[in-house]
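# Residue-level structure breakdown
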Amino acid sequence: MRLALPLFGYALAVAWWTPAPLARLTAPGLRPRLGLAAWLTAMASALAAAAAALVFLIRAAVGGWTGLAEVVCRSVAGHACAQTVYQSAAFELILAAIAVVAALAAGVLAWRYGRSVQHARRQTRAHAEVARIVGRALAGSPVAGGPGRAKASAGRGPAAVVIDGAAPVAYCLWGRPGTIVLSSGALDVLDPDQLRAVLAHERAHLAGRHHLLIALTRGLAAAFPGVPLFGRGLDHLTRLSEMCADDAAARRSGRPALAGALLAMATGAAVPAAALGAMACAVSARLGRLAEVPGRAREARYVRYGLAALMVALALGPVLVALAATRA
């Protein structure tokens, strides 16, 4: 219990206090890949500390219920806790009720997380299958199939299919294989260079497993509603993943082509919640990044150092808290 309480307090502190500095460092998008790593490190640190606290609590309970009652009592009241207090029936009844509630809460949170992730997976698979059935293969993409049906060729990269629709839309759906979906409206407004930039953007999403990061974070946000680290983290991870894909597409196709594609598709359209697309979020900020003249090296360097220092602190945080509690 002497370790469980500090670790649980550390997890709460990380979950509530780190989103603000992380948002300030990652919002400009100067180091999007490092920003993604920093948000994920914070989430992993908080979850690891909470899990370790639960393990220590269970070990204390298994080791002896009376001993656990004494530890809890002395953790709260210190030396003022007398033997008659922690050995009383009322105190042990309250402690048992707290333990049952904690176990049930952990089970409910785990169930909600698993249900959210599974629901997103089923929804994405169903949407991808429908897109392959009703869509037609994009010329030059690794797709083969009969009329009215698109079928991905194994081992040749993500399938690219075109569905009828006036609104310019482009997004990718994770799976085996991954699927890139474009509307006929997108093909109408994109020139060949811009189309290659959009496809490079979507392939970067699939190659970077951004869909998996977003799905896992969305599950955490659903399992822990109201926790800033997961709620704000989902928004920032989505935004940073778009910027990472932008950088990959710009390296492959050039900034002008990608910026032109974003502008051409600026009307946007609704896409599935589990999809990642070229127009998914933060379009103005992303266009600003592409239009900037390279010259923010000093600011980018400060952001890199700040994020690296924060990541090290978060990675070592649970261990340092456990050591400090052990020596106290």
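In short, a report on the structure.

Calculation notes
Per chain, the residues get numbers from 1 upward, laid out in the order the sequence is written. In view of the model being predicted, local features appear only for residues whose pLDDT reaches at least 70, and side-chain atom pairs are presented and counted only at 80 or more, with totals across whole chains, interfaces and linings using the full set of residues. The side-chain figures draw on all heavy atoms in the structure; neither hydrogens nor water molecules are used. Here an axis means a line fitted to C-alpha atoms, over the contact stretch when the element is a helix, while the angle between two N-to-C directions is reported on a 0 to 180 degree scale. Numbering of helices and strands starts at the N terminus; helices are DSSP runs of H or I of at least 4 residues and strands are runs of E of at least 2. Any angle between 65 and 115 degrees counts as roughly perpendicular, while under 35 counts as roughly parallel, over 145 as roughly antiparallel, and the rest as oblique. We call two residues in contact whenever any of their non-hydrogen atoms come within 4.5 Å of each other. Residues are grouped as follows: Ala, Val, Leu, Ile, Met, Phe, Trp, Tyr, Cys and Pro are nonpolar; Asp, Glu, Lys and Arg are charged; every other residue, Gly included, is polar. By definition here, a helix of n residues has an expected span of 1.5 Å times n minus one. The angle separating two fitted axes, one through the seven residues that finish at a residue and one through the seven that start at it, defines the bend at that residue. Note on exposure labels: buried denotes an accessible area under 20% of the residue type's maximum, exposed denotes more than 50%, and partly exposed covers the range between, all computed with a 1.4 Å probe on protein chains only. Two strands qualify as a pair provided that DSSP identifies no fewer than 2 bridges between them. As used here, the term nonpolar core means buried Ala, Val, Leu, Ile, Met, Phe, Trp, Tyr and Cys residues forming a set that is joined through side-chain atoms within 4.5 Å. A clockwise turn of the near helix away from the far one marks a right-handed crossing, whereas an anticlockwise turn of less than a right angle marks a left-handed crossing.

A few words now on the packing of helix α8 (residues 192-207) against helix α11 (residues 255-264). At a closest axis distance of 8 Å, the pairing of α8 and α11 adopts a crossing angle of 90°. For the element pair α8 / α11, the angle class is roughly perpendicular. Contacts from D193, Q194, A197 and V198 of α8 reach α11 at A257, L258, G260, A261 and A264. A per-class count over the contact of α8 with α11 returns six nonpolar, two polar and one charged.

To continue, consider helix α10 (residues 228-253). Taking 1.5 Å of rise per residue, the 26 residues of α10 would be expected to cover 38 Å, and the 37 Å separating its terminal C-alpha atoms lies within 8% of that figure. Helix geometry: α10 is bent most strongly at L234, by close to 30°. Two residues or fewer past α10, G254 is found with a positive phi of approximately 95°.

We now examine the pairing of strand β4 (residues 159-163). In terms of burial, β4 is largely enclosed, as four of its five residues are buried. In terms of strand pairing, β4 meets strand β6 (residues 179-183) through five bridges, oriented parallel. Residue V162 lies in a different strand from β6, and its bridge partner there is L182.

For the rest of this paragraph, the subject is the nonpolar core. In this structure, L22, W39, M43, L229 and F230 are the most contacted members of the largest nonpolar core, which totals 37 residues. Elements with a minimum of two residues in this core: α1 (4-17), α2 (19-26), α3 (32-63), α9 (210-223), α10 and α13 (297-327). The contacts of L22, once residues within four sequence positions are left out, are A38, W39, A42, L307 and L310. One finds L138, A186, V198 and L199 within the second-largest nonpolar core, a separate group that totals 15 residues.

Each pair of packed helices can be summarised by the angle the axes make with each other and by the distance between the axes. Between α10 and helix α12 (residues 283-291), whose axes approach to 11 Å, the crossing angle comes to 35°. The way α10 lies across α12 gives a crossing that is right-handed. Touching R239, E242, M243, D246, D247 and A250 of α10 are A285, R286, R289 and L290, all from α12. The class makeup of the residues in the contact of α10 with α12 is four nonpolar, no polar and six charged.

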